[in-house]
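# Geometric and topological summary
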Amino acid sequence: MRTTINLGERAHEIAKRYAAAHQISLGEAISRLIEGESMADAPTLVDGPDGLLLVTGTGRRFGFEEVRAVWAEE
């Protein structure tokens, strides 16, 4: 089903990071999070050094190219 929704900034960030960590669409990520699927696998956001948010539990590292790719999507 295709729809338009308004998310709070924090909810959007959580869903976006979940989608990126699982390499799925934002819509699929929101569906999984709402339905409670894979909640044990959901990444946790923690405050890192210098006030940056870090995603824990993904086991993935990323660099400049990955960051640029995410920025290009926005």
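Quick summary incoming for the structure in this document. As the structure is a computational prediction, the values presented were derived from the model and not from experiment. (Residues numbered from 1 in each chain as written. Predicted model: local features only at pLDDT ≥ 70, side-chain atom pairs only at ≥ 80, totals over all residues. Heavy atoms only, no water.)

## Describing unusual backbone geometry
Trans peptide bonds make up most of the peptide bonds, and negative phi angles are found at most residues other than glycine. Going by this rule: Only DSSP runs of H or I covering at least 4 residues are called helices, and only runs of E covering at least 2 are called strands; the numbering of each starts at the N terminus. Think of it in three bands: residues with accessible area under 20% of the maximum for their type are buried, residues over 50% are exposed, and the middle band is partly exposed, with areas taken using a 1.4 Å probe on protein chains only.
Backbone geometry at Gln23 places phi at a positive 50 degrees, although glycine is not the residue there. Tracing the backbone shows Gln23 in the loop between helix H1 (9-22) and helix H2 (26-35). You can call Gln23 exposed: its relative accessible area is 66%.

## Details of the packing of H1 against H2
To be explicit about the condition: Axis definition: a line fitted to C-alpha atoms, over the contacting stretch in the case of helices. Angles run 0 to 180 degrees between N-to-C directions. We call two directions roughly parallel when the angle between them is under 35 degrees, roughly antiparallel when it is over 145, roughly perpendicular when it lies between 65 and 115, and oblique otherwise. Note on contacts: a residue pair qualifies if any of its non-hydrogen atoms lie within 4.5 Å across the two residues. For this classification, the nonpolar set comprises Ala, Val, Leu, Ile, Met, Phe, Trp, Tyr, Cys and Pro, the charged set comprises Asp, Glu, Lys and Arg, and every other residue, Gly included, is treated as polar.
In contact at an axis separation of 8 Å, H1 and H2 are set at 110 degrees when each is read in the N-to-C sense. In terms of orientation, H1 lies roughly perpendicular with respect to H2. Of the residues in H2, those touching H1 at His12, Ile14, Ala15, Lys16, Tyr18, Ala19 and His22 are Leu26, Ala29, Ile30, Arg32 and Leu33. Per-class residue counts for the contact of H1 with H2 are 8 nonpolar, 2 polar and 2 charged.

## Examining the layout of surface pockets
Applicable threshold: Throughout, the protein atoms alone are placed on a 1 Å grid, and a set of points is a cavity if a 1.4 Å probe fits but cannot get out or a pocket if it is open with protein on both sides within 12 Å along at least five of seven lines; lining residues have an atom within 4 Å of a point. Grid points are joined across faces, edges and corners, and a volume is the space filled by probe spheres set on the points.
Of the voids in this model, the second largest pocket is the one considered here, and its volume is about 320 Å³. Broken down by element, the residue count for the lining of the second largest pocket peaks at 4 residues, all from H2.

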